[in-house]
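Observations on the three-dimensional arrangement
The residues making up each chain are set out below.
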Amino acid sequence: MKKYMPRELAGLAAKIRRFNRHRDWDKYHAPKNLAMGVMIEAAELAEHFLWQETAESRRPDARARAAIRDEVGDVLILLLNLCDKLDIDPVAAALNKLEHNRRKYPAALVRGKALKYDQYPERAARGTKRRPPLSVR
Ligand SMILES: [Mg+2]
């Protein structure tokens, strides 16, 4: 078991491994294919909300909620599959990113705002370095 992997997640990862082994599907599960699969399933998830008003997206009916839940399952299965192939602990990865984002977006600075980290005037005033456009690098 990976360092931070809760028992339920480790159990799910083991079931996914067994599912794939029984079908001889590991040969198709190159990380690039799994990463694309994550994107495709995430797009299927997003499709359920396409063209909805914000308020409507907050209260899907029972049928839509079941379909959304299925897509969440697809995303998680493929993501755990990818993590397994690359020996990445997904919980440790998320904890690491959360800590990174905590420092990048201090609550006192960003509370109630949804700007990118380098778009806060307080940061710009301190001369935060911006990378030049790709064309001149
Ligand atoms: Mg799907």
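In what follows, the accompanying structure is described. (Residues numbered from 1 in each chain as written. Predicted model: local features only at pLDDT ≥ 70, side-chain atom pairs only at ≥ 80, totals over all residues. Heavy atoms only, no water.)

Let's shift gears to the coordination of the magnesium ion. For the magnesium ion, the full set of protein donor atoms is Glu41 (OE), Glu44 (OE), Glu71 (OE) and Asp74 (OD), at a range of 2.1 to 2.2 Å. Sequence spacing of the donors to the magnesium ion: E-x2-E-x26-E-x2-D. In this pair, Glu41 sits in helix 2 (residues 31-47) while Glu71 sits in helix 4 (residues 62-86), placing the two residues 30 residues apart along the sequence. Of the two residues examined, Glu41 and Glu71, each falls in the buried class. (Donors = N, O, S within 2.8 Å, 3.2 Å for Na, K, Ca; no water. Helix = DSSP H or I, 4+ residues; strand = E, 2+ residues; numbered from the N terminus. Buried < 20%, exposed > 50% of the residue type's maximum accessible area, 1.4 Å probe, protein only.)

Here helix 4 contains 25 residues, and its C-alpha end-to-end distance of 36 Å stays within 8% of the 36 Å for a straight helix at 1.5 Å per residue. Within the sequence span of helix 4, burial applies to Ile68, Glu71, Val75, Leu78, Leu80, Asn81, Leu82 and Cys83. Looking at the packing, one finds that the buried side of helix 4 touches helix 1 (7-23), helix 2 and helix 5 (90-104). The distance from a side-chain oxygen at the start of helix 4 to the backbone nitrogen of Arg63 is 3.2 Å, and the residue carrying that oxygen is Asp61. Downstream of helix 4 by one or two residues, Asp87 has phi in the positive range, about 55 degrees. (Expected span 1.5 Å × (residues − 1). Contact = heavy atoms within 4.5 Å. Polar contact = N/O pair within 3.5 Å; in protein donor to acceptor, adjacent residues only side chain to side chain.)

Per the stated rule, a full pass over the model turns up six salt bridges. A salt bridge links Arg102 to Glu99; the shortest N-O distance between them is 2.8 Å. Taken together, the residues Arg102 and Glu99, both in helix 5 and three residues apart, mark about one turn of the helix. Residue class for Glu99 comes out partly exposed when judged on its relative accessible area of 30%. Residue Arg103 pairs with Glu99 through a salt bridge whose shortest N-O separation is 3.2 Å. Residue Arg103 and its partner Glu99 are both found in helix 5; the two are separated by four residues, about one turn of the helix. In this structure, a network of salt bridges that share partners links the residues Glu99, Arg102 and Arg103. (Salt bridge = Lys/Arg side-chain N within 4 Å of Asp/Glu carboxyl O.)

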